[in-house]
Amino acid sequence: MRGWWEFITILGKRRPPDPEDLGLERELLMRMYRLLVLTRALDRYLLRLQRMGKVALYAESLGEEAAMVGSALALRPEDVVFPSYRELGVYLTRGVPISEILDRQLNTVDDPLKGHEFAVFGDSRFNIVPAPTPVATQIPVAVGYALAFKIRGERRLAVTYFGDGATSKGDFHEGINFASVYKPPIVFICLNNQYAISTHVSRQTGAATIAQKAIAYGLSGYRVDGNDAIAMYLVSRSVFEEVREGGDPVLIEAVTYRLGAHTTSDDPKRYRSEEEVRYWMERDPIERMRSYLISKNVMGEEEDKALWAEVEALVSAEVEKALAKPGLDPMVIFEDVYAEPTPQLREQMEEFRQQLRMERVMRG
Amino acid sequence: MTVLTFAKAINEALRYEMRRDERVVVLGEDVGVNGGVFRCTEGLLVEFGPKRVMDTPLSESAIIGVALGLAANGMRPVAEIQFSDFIFGGFEQLVSNVAKFRYRNAGHYAAPLVIRAPVGGGVRGGMYHSQSPESYFTNTAGLKVVVPSTPSDAKGLLISAIRDDDPVIFFEPKRLYHSLKEDVPDGEYTVPIGKARLVREGSDVTVITYGATVYDAVAAAEEVEKEGISVEVIDLRSLIPYDWEAISRSVRKTGRPVIVHEAQKTSGFGAEIAATIAEREIYSLEAPILRVTGYDTPYPLVHEHLYLPNKDRIANAIRKSAAH
Ligand SMILES: Cc1ncc(C[n+]2csc(CCOP(=O)(O)OP(=O)(O)O)c2C)c(N)n1
């Protein structure tokens, strides 16, 4: 049981160490930075698409990119992720193409999840299990998934992401407690963005930190600067390696801040001050990383500008392509309810087909 | 009378009861500072303070369990579950504790609480912001289940629910919250739980429904009227207990019942109504009992207008029934 009382930060230090002292190569840092930029650029586009009425509902990642990218960058492709609904940076870091995320959000004909549900992303090819909207319900499932790795002796791990609000649910406590008994290879990552819609984390729990909750289950918990991609990466890398080698489950609390609204149907002005938001704007994870890279001569101003321009152009081209695609056939509604439809469902499909035919006739 | 939306009528009922009865408290996710994600509890925190309006941690199980404890100890809690899709986190509390509390305690302790939850689809809400889970609860003795469809009924039934000595699950069709306005009686106004509303009189076919599909049923009735079919529409308003008198009176008149709800067909509440009609009124029937419902799939994000029992689907069922 280690860690929870310390706040781990690199970029938050008055004089952050040099990349060489951290053992981080330029290539990795630039990959990390590009992913942060890409996440922000795509996030903005998705928000815009929602405003245009093309996307039903969208939960922004703004401000939380470092916690997502930094941790996911330490995963291996064979590791499995159980996200909640906000982890755009995780998907991109796992190598999910922008086009696929857009297909998902816009429910085009190529939507890998066939329009059954919104917002959430998942794809077995990238070892991402689609998130459930009911908060925290993925947590015990991730524990079971990891347990199967242990039973079969595979050196892979499961990582589950969830918010501070999720830690109030039984699923969180019951899942982590179960994990503390069977010790499967799992890491719990709480993206503590300090709000569950309008409810501040101080109204979720009387405990001073989320990380300390690990102690009660006999596990280690780490409290990390979630607006620091480098700290998130370094902590995650060492935790993941330890867990992959048979170490106990670990809880990581990434302390970050949701700069945007909860979702596109939320108005944060109702429950928090502009001052507070400004305070966190000044700790913008991307700006922090940018100034670090520039101050350490890893990247120049011009290079940064070129990167943003390249990413913006890439995203906007992909958006154009996705918008031109047709939507899904209505019959998808009946797919995947069971491996084989029941006789009753088959009958209803037939009825639905007739309904569609009539619709078409009536529309001429 | 004041013109109110459905959401404002809920707000008005809560405020009225909180002013009248100090035991009434409100609790749920984002109900305080934020006034509820649908704004149904707007302004209550300012007027009644944090002892009576509680923003809770994100835990449906605790919200329902705590509400039960408050109720058992002399309060009149109104708990909000942000979407009825999330009520399942509190399913154990609701089904094992709340519903059976009076029976288990042989009346020593009661559970006079209300659980409000937005229900139903039609708002592009996808799989988990659109469900109609009422029949899980109508299949559980000890719970009352209410689904108003107009602002006036929302006010009158919510006040009755708060005053009821048993637990009431109060489902609010979310697509009506802000899309609907009407004159709502000011001040004291109650609608009894267990009484249906005759929405529209007719003589050929009876449509029995509740919640947001009341409006689709009326639209369908107006359409088929042009073809010479006269349709009666009954809004049940309350499912447990339900108003058998209203159903049987109408079925005796028309002999052609069509039951409509958004929830999936298999084991939906319509099955209960259909079975009771078959048991008691089979000799009044001129046509088979028909159901127009959601299909037996999870609620889909795409093409939800086709999934829902919309006007066209209801009109077709009415025509089919009338053709017998
Ligand atoms: C079980 C459940 N209850 C309520 C909701 C409605 N809801 C959606 S997101 C949310 C807040 C979640 O907060 P948190 O877990 O901190 O994650 P964040 O959205 O801040 O990333 C709520 C209450 C839900 N999705 N699931």
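Residues numbered from 1 in each chain as written. Chains lettered and ligands numbered in written order. Predicted model: local features only at pLDDT ≥ 70, side-chain atom pairs only at ≥ 80, totals over all residues.

Moving on: the overall build of chain B. Check the secondary structure of chain B and you find twelve helices and 14 strands. Its C-alpha atoms give chain B a radius of gyration of 19 Å, near enough to 20 Å, the size a compact globule of 324 residues would have. Classification of the 324 residues of chain B by burial places 59% in the buried group. (Helix = DSSP H or I, 4+ residues; strand = E, 2+ residues; numbered from the N terminus. Rg over C-alpha atoms; globule rule 2.2 N^0.38 Å. Buried ≥ 20, exposed ≤ 12 C-beta atoms within 10 Å, placed from the backbone.)

Next up on the list: the overall build of chain A. In terms of helices and strands, chain A carries 13 helices and eight strands. A compact globule built from 364 residues should have a C-alpha radius of gyration of about 21 Å, and chain A, at 21 Å, falls within 12% of that. On the principal axes, the C-alpha backbone points of chain A span a range of 70 × 50 × 40 Å. With 364 residues in all, chain A has 48% of them scored as buried. Considering only contacts within chain A whose residues lie at least 6 apart along the sequence, 77% involve residues at least 24 apart. (Contact = placed C-beta atoms within 7 Å.)

Around the ligand lies a shell of 21 residues, among which A:Val135, A:Gly163, A:Gly165, A:Ala196 and B:Phe86 are the nearest. More than one chain reaches the ligand: its neighbouring residues belong to chains A and B. Of all the secondary structure elements, the ones that give two or more residues to the shell around the ligand are strand S3 (158-163) and strand S5 (195-196) of chain A. Class assignment of the residues belonging to the shell around the ligand gives a composition of nine nonpolar, seven polar and five charged. (Near = placed C-beta within 6 Å. Nonpolar A, V, L, I, M, F, W, Y, C, P; charged D, E, K, R; others polar.)

This part is about the sheet that holds strand S14 (residues 290-294) of chain B. Residue and element names in this part refer to chain B. Ordered by their spatial adjacency, five strands build an open sheet running S9-S11-S10-S13-S14, and the pairing between neighbours is mixed. Of all the strands in the sheet, the pair left with one neighbour each is strand S9 (197-200) and S14. Along the sheet, successive strands turn relative to each other by an average axial angle of 25 degrees, direction set aside. The pairing of strand S13 (residues 257-264) with S14 spans four bridges and is parallel. The partner of Val258 across the bridge, within S14, is Leu290. (Pairing = 2+ DSSP bridges. Axes fitted to C-alpha atoms, helices over the stretch in contact; angles between N-to-C directions.)

This next bit is on the packing of helix H9 (residues 244-254) of chain B against helix H10 (residues 269-281) of chain B. All names here are of chain B. Two elements in contact, H9 and H10, have axes separated by 11 Å at closest approach and are oriented at 60 degrees. Looking at the two axes, H9 sits oblique to H10. Crossing hand, H9 versus H10: right-handed. Residues Trp244, Ile247, Ser248, Val251 and Arg252 of H9 form the contact with H10, whose own contacting residues are Ile273, Thr276, Ile277, Arg280 and Glu281. (Parallel < 35°, antiparallel > 145°, perpendicular 65-115°, else oblique. Left-handed = near helix turned anticlockwise from the far one by under 90°.)

Turning next to the environment of A:Thr256. Residues and elements named next belong to chain A. Its location among the elements puts Thr256 in the loop between strand S8 (250-255) and helix H10 (274-281). The class of Thr256 is buried, set by 26 C-beta atoms lying within 10 Å. The spacing of Thr256 and Leu92 is 164 residues in sequence and 19 Å in space, taken between C-alpha atoms. For Thr256, the residues in contact, after removing those within four places along its chain, are Gly63, Glu64, Ala67, Leu191, Asn192, Asn193, Gly226 and Asn227.

The next subject is the interface of chain A and chain B. Listed per partner, the contact involves 33 residues of chain A and 29 residues of chain B. The residue makeup of the side of chain A that touches chain B, split by class, is 16 nonpolar, 13 polar and four charged.

Time to look at the packing of helix H2 (residues 26-51) of chain A against helix H5 (residues 98-106) of chain A. Between two packed helices, both the angle of their axes relative to each other and the distance between the axes serve to describe the pair. Residue and element names in this part refer to chain A. At their nearest, the axes of H2 and H5 sit 12 Å apart, and the two run at 25 degrees to each other. Taken together, H2 and H5 sit at an angle that is classed as roughly parallel. Between H2 and H5 the crossing geometry is right-handed. Only Ile98, Ile101, Gln105 and Leu106 of H5 make contact with H2, whose side of the interface consists of Leu42, Leu46 and Leu49.

Across a sheet, paired strands are connected by hydrogen bonds in the backbone, their directions being either parallel or antiparallel. Residue and element names in this part refer to chain A. Taken together, six strands build an open sheet; the order of strands is S1-S7-S8-S4-S3-S2 and the sheet is parallel. Both edges of this open sheet fall to strand S1 (7-8) and strand S2 (80-82), since each of them pairs with a single strand only. Strand direction decides the pairing type here: strand S7 (residues 220-225) and S8, joined by six bridges, are parallel. When the bridges of S8 are listed, Gly221 appears paired with Leu251. Here helix H9 (residues 229-244) sits on the sheet and contacts S1, strand S4 (186-192), S7 and S8; the angle it forms with S8, its principal contact strand, is near 175 degrees.

A few words now on the domain arrangement of chain A. Residues and elements named next belong to chain A. For chain A, the assigned domains read domain 1 (4-328) and domain 2 (329-364). Distance between the C-alpha centres of domain 1 and domain 2: 38 Å. With four residues of domain 1 at the contact, the number on the domain 2 side is four residues. Split by residue class, the side of domain 1 that touches domain 2 holds one nonpolar, two polar and one charged. (Domains from an automatic or database assignment.)

As a further point, take helix H11 (residues 285-295) of chain A. Residues and elements named next belong to chain A. By the burial criterion, the buried members of H11 are Pro285, Arg288, Met289, Tyr292 and Leu293. Taken around the axis of H11, the buried residues stretch over an arc of 125 degrees, which confines them to a single face. Seen from the open side of H11, the exposed residues pointing more than 90 degrees away from its buried face are Ser291 and Ser295. Those residues of H11 hidden inside the fold are in contact with H2, helix H3 (65-72) and H9. Positive phi appears at Asn297, one or two residues downstream of H11, with a value of about 60 degrees. (Arc of directions from axis to C-beta.)

Moving on to the environment of A:Arg283. Residue placement: A:Arg283 occurs in the loop between H10 and H11. C-alpha separation for the pair A:Arg283 and A:Thr256, spaced 27 residues apart in sequence, amounts to 9.4 Å.

Turning our eyes to something else, we now look at the pairing of S3(A). All names here are of chain A. Judged by how many residues are buried, S3 sits mostly within the fold: six of six residues are covered. Covered by surrounding structure in S3 are Ala158, Thr160 and Phe162 together with Val159, Tyr161 and Gly163, the residues of both alternating faces. In terms of strand pairing, S2 meets S3 through three bridges, oriented parallel. Paired with Val80 across the strands is Ala158, a residue of S3. Sheet analysis places S3 next to S4, joined by six bridges and oriented parallel. Counted as the bridge partner of Val159 is Val187 from S4. Handedness of the crossover is the feature at issue here: the chain leaves S3, passes through helix H7 (residues 170-182), returns alongside S4, and the resulting connection is right-handed. (Right-handed = clockwise from strand over helix to strand, strands pointing away.)

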